[in-house]
Structures are given as structure tokens and as C-alpha cells.
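Letter by letter, the chains look like this.
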Amino acid sequence: MVEELENCYSRETELTKRAREYLNQPKYGDWILCSERLQEEPKNGLNNIDELQEYIVMIAGATVPTTLKYAGNGEWYADGLFYHVITWQPLPESYKEG
């Protein structure tokens, strides 16, 4: 009986941990200051720029958002140039018909 209760408690804490991680992930529409938090570092670094994750960002001095790829180490990239980004957010999910 004690073992069953320990297993239930263990599963509950794992589910609670996963739920907390999910809820703490940035969501579309939530601007995140780069000074407070950056996205995870790319797994392959700059080995393949085409595979870098794209985000909605505000470049310092800009008046409208744009999209750039996060190259890691606080660097944001597009078309061979790096930009100084002040805030970012994930892209929304792609539209799917039906």
C-alpha cells in the first residue's frame, strides 16, 4: 500500500513539473525582453543557418515588429546580417485549413 502511494505521488509530481514547464513557456502574443530571457541555444549552433528557429522580434529603434532567426548567444540573424533585438516572442502556429 505504501509503495502504491509513493508511485502515485511520484507520477503526480512529474505531471506537475511538466505542467509548470508548459505554462512557463513563452506563448504567441507575450513579448519577452531579451535582457530578461533569451530562447534556448540552437542545438547545432551556426552550422546550418537555414535550420535556425524564427521568432517575431522588435529591433532596437524599430517601430514595427519583424521576424528574425535566433542564432544563439544573444544574436539575431536575417539575410547575412545580425541585429540588436530588444524583445521577442514565438511565432503563432501555421494556419491549417479545415
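Above this text sits the structure in question.
Counting from 1, residues in each chain are numbered in the order their sequence is written. The model is predicted, so local features are restricted to residues of pLDDT at least 70 and side-chain atom pairs to those at 80 or more, both for listing and for counting; the totals for chains, interfaces and linings are taken over all residues. Remark: hydrogens and water are excluded; side-chain values derive from all non-hydrogen atoms of the structure.

**Q** For this particular structure, what's the right way to read the pairing of strand β6 (residues 85-90)?
**A** Two faces make up the sheet, and in a regular strand the side chains alternate between them. Most of β6 is tucked away: five of the six residues are buried. Here the rule is simple: two strands pair whenever DSSP picks up at least two bridges between them. Only DSSP runs of H or I covering at least 4 residues are called helices, and only runs of E covering at least 2 are called strands; the numbering of each starts at the N terminus. The sheet contact formed by strand β1 (residues 32-33) and β6 spans two bridges and is antiparallel. By the bridge assignment, Ile-32 is partnered in β6 with Trp-88. Summarising the sheet, strand β2 (residues 54-59) and β6 pair through five bridges and their orientation is antiparallel. Across the sheet, residue Ile-56 finds its bridge partner in β6, namely Gln-89. For the exposure calls, accessible area comes from a 1.4 Å probe over protein chains only, and a residue counts as buried if that area is under 20% of its type's maximum, exposed if over 50%, partly exposed in between.

**Q** Just to check I follow, could you spell out the nonpolar core for this structure?
**A** Soluble globular proteins: nonpolar side chains tend toward being buried together. In these notes, a set of buried Ala, Val, Leu, Ile, Met, Phe, Trp, Tyr and Cys residues joined through side-chain atoms within 4.5 Å is what counts as a nonpolar core. With eleven residues, the main nonpolar core is built from Ile-32, Cys-34, Tyr-55, Val-57, Ile-59, Leu-68, Tyr-70, Trp-76, Ala-78, Val-85 and Trp-88. Only β2, β3 (66-72), β4 (75-78) and β6 provide two or more residues apiece to this core. For this core, the element with the most residues is β2, which contributes three residues.

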